[in-house]
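Descriptive structure summary
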Amino acid sequence: MFSFLLGQTAPKFNNSLMVQLSIPANNLSQYHSLTNFGITGTNRNHLLFDIKGCKDGHIGLSKTEMDSKNKIATYEIIVGGSNNTWTYIRQKNDYKTGGSAIIACNSFLPFWVSWENNMIKVGRGHKLDKDQVLSWTDPNTALDIKYVGVGTYGFHIDYNIYL
């Protein structure tokens, strides 16, 4: 179960609405789709977000909807993985590339993820293509991202997702 805040009471960033999601520690490997908030891989090619947590913030990019039946995303971006020592992209549990980007237990840190031209990129801050941490191109197939979700693996994580 996760909680969220949406609508007129939602905080704003650069005049954009923000969804706040809090995912409890006992929520193992399940992504929470952002479709209900109007965020899909077909209507955008990037995500701006903040993460607060000690480790293992997950962003899922998928060809199929992520829910209780389909818990694994096609592509996973793990921010603060491996005990908050690095950030990496994996496809079906196969690690593709990694770079340094850590998250903080007590404060929100800004990040971005983009997906276009068969390339996934991850960076710090809220300016696309600035302060890039890592990138990866799938050599075998077009990305075809239709769904975006957030999650964690056994640790409490708070997200601010910018609409």
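Below is a summary of the structure that appears in this document. Keep in mind it's a predicted model, so treat the numbers as computed, not measured. (Residues numbered from 1 in each chain as written. Predicted model: local features only at pLDDT ≥ 70, side-chain atom pairs only at ≥ 80, totals over all residues. Heavy atoms only, no water.)

1. Some remarks on the sheet that holds strand 9 (residues 94-99)
Read across the sheet, six strands follow the order 4-13-6-7-8-9 without closing on themselves; strand pairing throughout is antiparallel. Either end of the sheet is taken by a strand with one partner, and the two such strands are strand 4 (32-33) and strand 9. With six bridges joining them, strand 6 (residues 57-62) and strand 13 (residues 147-152) adopt antiparallel strand pairing. Note on strand 13: the bridge partner recorded for Gly57 is Thr152. (Pairing = 2+ DSSP bridges. Helix = DSSP H or I, 4+ residues; strand = E, 2+ residues; numbered from the N terminus.)

2. Side note on the state of the cysteines
Under the definition given, this model contains one disulfide. The disulfide that involves Cys54 links it to Cys105, with 2.0 Å between the sulfurs. Here the S-S torsion is close to 135°, and the disulfide linking Cys54 with Cys105 is therefore right-handed. One end of the pair, Cys54, is in the loop between strand 5 (46-53) and strand 6; the other, Cys105, is in the loop between strand 9 and strand 10 (109-116), with 51 residues separating them in the sequence. Accessibility expressed as a relative area gives 40% for Cys54, which makes it partly exposed. (Disulfide = S-S within 2.5 Å. Buried < 20%, exposed > 50% of the residue type's maximum accessible area, 1.4 Å probe, protein only.)

So yeah, pure geometry; function would need other evidence.
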